[in-house]
Structures are given as structure tokens and as C-alpha cells.
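Remarks on the overall topology
So the chains spell out like this:
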Amino acid sequence: MCYLAILHPSQIIVGLSAGSPVGSPLKSPVGFFQIKEGGEIAEDSPPSQKKHSRTHSDPSTIGDSLLKKGASIRRSFRLVGNKKDKTLKQEQLQSVTEITVEEKRAGEESVEIKESYILPEIPLTPLSVMQINELIKTEVLEEAHLNLLSLRQEFQRERDECREEASPMELAKKEKDLSILYRAMQEKVKEIVRNSNSLSSLNKELLMHVARIIQEEEKREAVSEGVEATLKRVPLDRPEQNASWLAIHLGLLGKAIVEDLEKVKRELQGSYPPSFNVFSTYMSCYHGAVSQHLNTLQQQVTDLKDYYALLDWIINRYESETIMSSPSLRPEMEAEKTGLSLEEGFLDQLKGKYCMRAKEDMRASLDKILELENEDIWIKKQAPETDDEHFLNSDIHMDIWTNVKSNAVNSKRIDVNLEMRVVCSCLEELQQFPKRFETKLRYCCNSVENPSLWADYQITYINSFTALMEHMEGYRESCPTQVDHLSREVDGLVHRLVQSLEDQFKNDVRPYLRRMMTRKWLSTDEDFQQLYSRTEKLTHRCSQMRPPYVQTFLSCLHYYVVKEYVSQLMKNNYSCKNRKHDKAATKMRAQWNKLKDLFEEMTTHDWLHPVGDHLSNIIGETNKRDIKNHLKLLVADYPDISKKHLSAVLYFRGLMRGRERQVILQRLTELKRELGTAGNIGDNRRALFSDMQVTVTNTDRLADIPFFCFLLPDS
């Protein structure tokens, strides 16, 4: 007699890899049954009465064993596969069952099981328990079996995943339902086989379904268990044991799969009847077992490199020539169309975790950058270094860009869309960095007493963040929103650093500027030398600032120095007497030339250069009547000059009252009217005097009285 078993998913039958353990169906909750001669079915003896041993066999021995078993199953149903089965040695068959002459004759007249039978596709979602049970009752066995396989896969997935939402009670209920259905299938198979002699010729096709179910269960479970055993033998270190635990394991896993399939092709394929489709069965089982194994592995993954290793192995390596498309597996592999049977949404979830991990790693990396900058530079008050182009430089922009770039390059190897998602995630985290950096910088450098060092720090980070933004602009096409937000944050930081540098300079030179155009100024160069020295040092430092901010900053610096220098004339602090105006004009012209030479090559505000010469000409003019001749060029270059501004200049010149003064002011009014600038400041891009406040004196109030009011009645 032969043994026919409907196998439970937890039941181990046999391992088909070299060195795999050979087991038995003793632990099946459904049990197994025997077919006696004549088609009768009897329950096998209890498991406790049977003795089974676990041995190690080579593939050819195991193949022969299963070949005998498959042949005995078909003969027990009097269903002959093909002529190859008839060539089996009698001594091999007798170890399984004894076949009478009548059985052979009946088998020759029976319906053949086609050797080309391939299991239909297993449904992704099984029918309900009641529906499957109804299919079994109505003897729609093939469909019932497929849905049983689907239900079993669903249960195994939920059990292996250990989902939080799936309670132990729910899993226990599903396992019980599965056992009940398998038991119902077993009883139906026993019933059909028991009554096989009385079946009509039309209903004898049920026997084919029964045979196929038994054959598929035996083949699938045996191969699946062997495949799972192969996967379990692949070394797997714990993450804390080896930082490269997953990459190493996946490499060994691929190697084991190829070696096992090569053995199937080389040694086992010829030992099975064609109906077993042995290579295809192994492939299918590997797809399923590897999918479950990958699901288990991903639950242990926490590091970005391991997420990458897993995604790369699934997407790039599994079906490559390294593993499943290996030349050694051709031509059998070329006929296979299936791939990994991953759960729906598994890859998307894995990619989502990869992006989240990349974002978290980006934040950790930025924190580390701040920590290192503080330890290596700020605490030690270390002067910044210069790069090959002689710009003050910090490596933070390169560290950040390298991080983003490596994430982009790695994720692109997996998926172009994943590259975009990863870069956008990194940029979103990077958006918060400029403000965090600024807060840390000001906190840690609050104790820096050397203004020159503080200026160097600010120039350094203006350069670094400018360079960083240039790198990030390369991702504008794929992540426009994130780049825009980052650009605004970086621009804000750079603007504040530039403004801080400017404010520091203003505070530094303000005391010296206040003493310009005074009696002391006329008698000594000390204050101007301090102003010039500090300005020269800052402009020299700014030569180490990268474009475009260096031009903007130096132009602002130039404008500030010019405006504040000229503004001292508007304060009416001093009036030249006893022809001292000539000395003042000479001194002003000399100082102005020095300032002009200082800014000549580094400013875009060259329109400011003439103002010193115009004012020196007015102040130094010996003949009061000729002063008005200098106004035309002054008004043309600086149309925003007003009567109050000119009155202040005349006051410093020593011309505080009188008819000539009024004539000069009247001429200014006429020129502004002729040039069309009366009542406005003219070109806003060249506003200089309109930014200067004038200290009003009684003389200035008289300047507002119309000129004709000063004429004598007889004139």
C-alpha cells in the first residue's frame, strides 16, 4: 500500500538540498492515510507507533526516493503517467506497494494525468473559510486547493510579520480554520478514493484532481522545506557583532541560491518525472521563501546602509546575472517569468523607511558638523584656513554636499524616483540648518574678543553657505520647492552675517568719524588714520570673501564711509575762519583721494568718487562769487542735494550769511529746476544727500526766506 498525505504547512516532509534533513509527516495535525488494495482507505497507525529517523542524503538518493513515491501514488490511483514510469524496477516499487495484474490492466484503461500539468496561479486573496468549505463539499477540489494555498500563505505572512494589529487570538483562530479546512479536504479525498470503483466515467476526473492535490502538496512542501533549510544555513551575524552583517549575509544568500539551483539542474532534474517541473518548482519555492526571509530581515534593519543593501539586493541583484539570471542556470531560467512574491506595498514601505532614515541621518550629520566646528575652531579660537583660491574656507559645505550627493548617487542605483525622494528629504532637513548654525555660532563665539577673528569667522561662513547653495542648485529641477525654501534660509543667514560684519565695522569707526570736520580734525590726522586703517583692514579681509557677496558688501561699505564722511559737514560743528577754508579743502581733497584709491578696484559705486572733489572745490574757492560756478556739476552728479545741505557746506566754508550766500542758494534752486529735479531726489539709485540729516541753524532758517526779501527798497 502507498501513503497519501494532505500536508499541513507546518509539516516537514523532506529537504531536497544536499545535506538537508529528511523528515516525515508525523507532526501533521491532519494526519495521513493509507490506500489499501482495492481502493479502501484506512487510517494509519498513530504517530507514536511509528519510528522515523532523520538522515542525510545526497540529492540523487532523495530524488530517487521521491520518484518512487510519485510513481506509487499514480499507480495506486490506477493513473499511469508515461512509459518512463513502467521502466521502474520491480524491487523499487515493492518497497512502496504491490501492484496486481488486474490493477495494471485497470490502470492502462484509466484516464492519464498529463505530465505537462502546471499548478494554476494561486489567488492573492483567498476566499472565505465558508466558501472554501463549500467548494470542498461540492467537490470543486482544484479551486478549493488553490484557495487553501492562498489562505496558508496569508497565515504564514501574518505569523512571520508579527504585526501589532494582528492579535495572538486572531492568528490562533486563523490557524484553527486552516486546520479544519485541511481536515475537510482530507476527508473528501478519502471519500473519493474509497468510492473510486463506483464512480461513473465522467466523475473519475475527480481522481485526477485528488492525485494532483496530493502530488502538489508533497512536492511543494518537500521542496519548500528544503529551500527554507538552505536559507537557514546561510550565516547571519547580529548587527552588534558585525557592522556589515546584512551585506555579508545577502552576498552569501545569493551564492547559496545559485549553488542549490545548479545542483537541481545538474543532479535532480533528471531524477523527477516531467510532471514535477522540478526546476520551476524550486524557482517558485525560492521566490516565496526568499520573500518571507527578506520580510524577516527588514524587521531587524535600522541603519541606512542596511536599508540600501536590502533594496539593492531585491531590485538590482536578485534577478541579475549574479543570482537568478546566472549563466549557469540557463536555459531553464529563461523560461521562468516569475519573481519575488513580495507582499503588496512591501517595497514602497521599505523605500519610505529608507527616505526617513536618510533624513534622520542627515540631521545627525549636521549635528556632528556643528559639534566638530565648535571643538576644532570656535573653542580653540582657531583662525580659519584659506582654500586654493585664497578665500577663507570651512569644510562644512563640502561635508554637507558630500552627504547629500552620496545619498543621491546610492538611491539612484535603486530607483530614479527614490533618488528624488531621498534628496528632497535631505533638503527638507537641511532647511532648518542655517538658523541652527547661526544660533550655535553666536552662542559659542560670544566670548571672542578679537574683532578681526570674529570678522574672519563671518566671512568664512558667508563663503561656506554661498558655496553650499551653489551645490544645492543642482537639485532644483527634481526638488524645486525644497531648493527654494533652502535658498531663502541660506540667503537670510548670509544677509545677517553680512549685516553683522557691517555693524561691527560701523561701531568700530563711528568714534573717528564723529571727529571729522572739527577743529581737531583740521589740526591732526589721527582720527582719519584710524578710520582709514580699519577700513583698509576690512577691505583686505573682504578680498577673501567669495562673489557675489564681496561686491555687494564692499559697495555698501564704500557708500557708508562716503556718506558718513560727508555727513560730518552737515552737523555744523565747525566753521572755517581766517581763510582756514583753504587748508580744510586741501586736507579734504587729500583724504578723499586716499579713500577713493582704496575703493577704486572693489566697488560698484564709482558714482560716489566725484563728491569729494565737488565739495573740496566749493570749500576751497577763494572768491565767494565763483562758488556758484561749481554747482552745476555737483547738481548733475547728485541731484538729491538740497538747499539745507548746501547751506551746511557753506557754513563749514565760513560763509554763514550775506548776499553772496543767498545768490549761491538761489543758483542751486535754478539748476535743480533746469535739470528737472526740483522737489525730488532724482535718481534713487544715486541717493546720497537725501540720506544725510542736517543740523538746522538760524542761518538755515534765513536760507528759506525768498531772495527778493533781502533786496533794498531802492534796488
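Residues numbered from 1 in each chain as written. Predicted model: local features only at pLDDT ≥ 70, side-chain atom pairs only at ≥ 80, totals over all residues. Heavy atoms only, no water.

**As for the nonpolar core**
One recurring pattern in soluble globular proteins: nonpolar side chains tend to sit buried together. The following threshold applies: Here, nonpolar core means buried Ala, Val, Leu, Ile, Met, Phe, Trp, Tyr and Cys residues that are tied together by side-chain atoms lying within 4.5 Å of each other. Exposure is judged per residue with a 1.4 Å probe applied to protein chains only, and the accessible area is read against the type maximum: over 50% gives exposed, under 20% gives buried, and values in between give partly exposed. For the purposes of this entry, the term helix denotes a DSSP run of H or I that reaches at least four residues, the term strand denotes a run of E that reaches at least two, and both are numbered from the N terminus.
Grouped together as the largest cluster of nonpolar side chains are 151 residues, with contacts concentrated most on Ile257, Tyr286, Trp313, Phe437, Tyr461, Phe465 and Leu688. The greatest single-element share of this core, amounting to 12 residues, is contributed by helix α17 (residues 480-514). Of all hydrophobic cores here, the second largest spans 23 residues; its members include Ile122, Leu148, Leu178 and Met185.

**Overview of the pattern of salt bridges**
Stated precisely, the cut-off is as follows: Each salt bridge in this description consists of a side-chain nitrogen of Lys or Arg and a carboxyl oxygen of Asp or Glu lying within 4 Å of one another.
According to the stated counting rule, one finds 35 salt bridges in the structure shown. The residue Lys174 makes a salt bridge to Glu154 at a minimum N-O spacing of 2.9 Å. Note that Lys174 is positioned in helix α7 (residues 168-194) and Glu154 in helix α6 (residues 141-161), a separation of 20 residues in sequence. Note that Lys506 is salt-bridged to Glu502, the shortest N-O span being 3.1 Å. Remark: Glu502 and Lys506 occur in helix α17; sequence separation between them is 4 residues, near one turn of the helix. In terms of burial, Lys506 and Glu502 fall into one category: buried. Members of the salt-bridge network, linked through shared partners, are Glu139, Lys188 and Glu191.

**Observations regarding the environment of Lys188**
Defined as follows: Note on contacts: a residue pair is in contact if any heavy atoms of the two residues lie within 4.5 Å.
By the secondary structure assignment, Lys188 is in helix α7. Exposure remark for Lys188: the relative accessible area of 10% places this residue in the buried category. In the structure, Lys188 is positioned 52 residues away from Ile136 in sequence and 7.0 Å away in space, judged by C-alpha atoms. Residue contacts for Lys188: discarding those within four places in its chain leaves Ile136, Lys137, Glu139 and Leu141.

**Structural notes on the side chain of Asn147**
Where we set the bar: Whenever two N or O atoms come within 3.5 Å, that pair is a polar contact, provided that in protein one can donate a hydrogen and the other can accept it, and provided that, for residues adjacent in sequence, both atoms are side-chain atoms.
Checked against the element boundaries, Asn147 lands in helix α6. For Asn147, the side chain forms a polar contact with the main-chain nitrogen of Leu127, separated by 2.9 Å. With sequence-adjacent residues up to four places away left out, Asn147 is seen in contact with Pro123, Thr125, Pro126, Leu127, Ile132 and Leu135.

**Section: the state of the cysteines**
Spelled out, the test is: Any two cysteine sulfur atoms lying within 2.5 Å of each other are counted as a disulfide.
Evaluated as defined, the whole model comprises 1 disulfide. Note on cysteine connectivity: Cys424 is disulfide-linked to Cys479, with sulfurs 2.3 Å apart. Given an S-S torsion of about -105°, the disulfide between Cys424 and Cys479 has left-handed geometry. Residue Cys424 is located in helix α14 (residues 416-430), and its partner Cys479 is located in the loop between α16 (451-472) and α17; the two are separated by 55 residues in the primary sequence. Classification of Cys424 as buried rests on a relative accessible area of 11%.

**Some points on the packing of aromatic side chains**
The cut-off we apply is this: The rule is short: rings of Phe, Tyr and Trp, with Trp giving its six-membered ring, pair when the centres are within 6.5 Å, and they are stacked under 30 degrees, edge-to-face over 60, tilted in between.
In the structure shown here, the tally under the stated rule is 16 aromatic pairs. Judged by centre distance (4.9 Å) and plane angle (70°), the ring pair of Phe437 and Tyr461 falls under edge-to-face. Of this pair, Phe437 sits in helix α15 (residues 433-444) while Tyr461 sits in helix α16, and the two are 24 residues apart along the sequence. You'll find Phe437 and Tyr461 in the same group, each marked buried.

**Some remarks on the environment of Ser284**
Positionally, Ser284 belongs in helix α10 (residues 278-298). Between the C-alpha atoms of Ser284 and Gly339, which are 55 residues apart in sequence, the distance is 8.1 Å.

**Regarding the confidence of the model for the chain**
Inclusion rule: A score from 0 to 100, pLDDT tells how confident the predictor is in each residue.
Averaged over every residue, the pLDDT of the chain is 79; the share at 70 or more is 75%. Predicted confidence for residues 1-116 stays below pLDDT 50, and this span has 234 contacts to residues more than four positions away or in other chains. Scored below 50 in pLDDT, residues 706-715 shows 7 contacts in the model against residues more than four places distant or in partner chains.

**A closer look at a negative patch on the surface**
Filter applied, for reference: Put simply, a patch holds well-exposed residues, over 30% relative accessible area, that have no salt bridge, with like charges counted together within 9 Å and Val, Leu, Ile, Met, Phe, Trp or Tyr side chains within 5 Å. Accessible surface is estimated by sampling points in the Shrake-Rupley manner with a 1.4 Å probe; for residues, cover comes only from the protein chains shown. Charged-residue counts in this description rest on Lys and Arg as positive and Asp and Glu as negative, His and the chain ends being excluded. By convention, the point assigned to a charge is CZ for Arg, NZ for Lys, CD for Glu and CG for Asp.
Taken together, the side chains of Asp597, Glu600, Glu601 and Asp606 make up a negatively charged region of the molecular surface. Assignment of secondary structure puts Glu600 in the loop between α21 (580-599) and α22 (610-620).

**What to know about unusual backbone geometry**
Note the cis peptide between Arg330 and Pro331, where omega equals 5°. Mapped onto the secondary structure, Pro331 falls in the loop between α11 (304-317) and α12 (346-378). In the segment running from Pro547 into Pro548, the intervening peptide bond is cis, with an omega of 0°. Residue placement: Pro548 occurs in the loop between α19 (526-542) and α20 (549-567). Even without being a glycine, Lys381 presents a positive backbone phi close to 50°. With respect to the element layout, Lys381 can be found in the loop between α12 and β4 (385-386). Assessed through its relative accessible area of 41%, Lys381 is described here as partly exposed.

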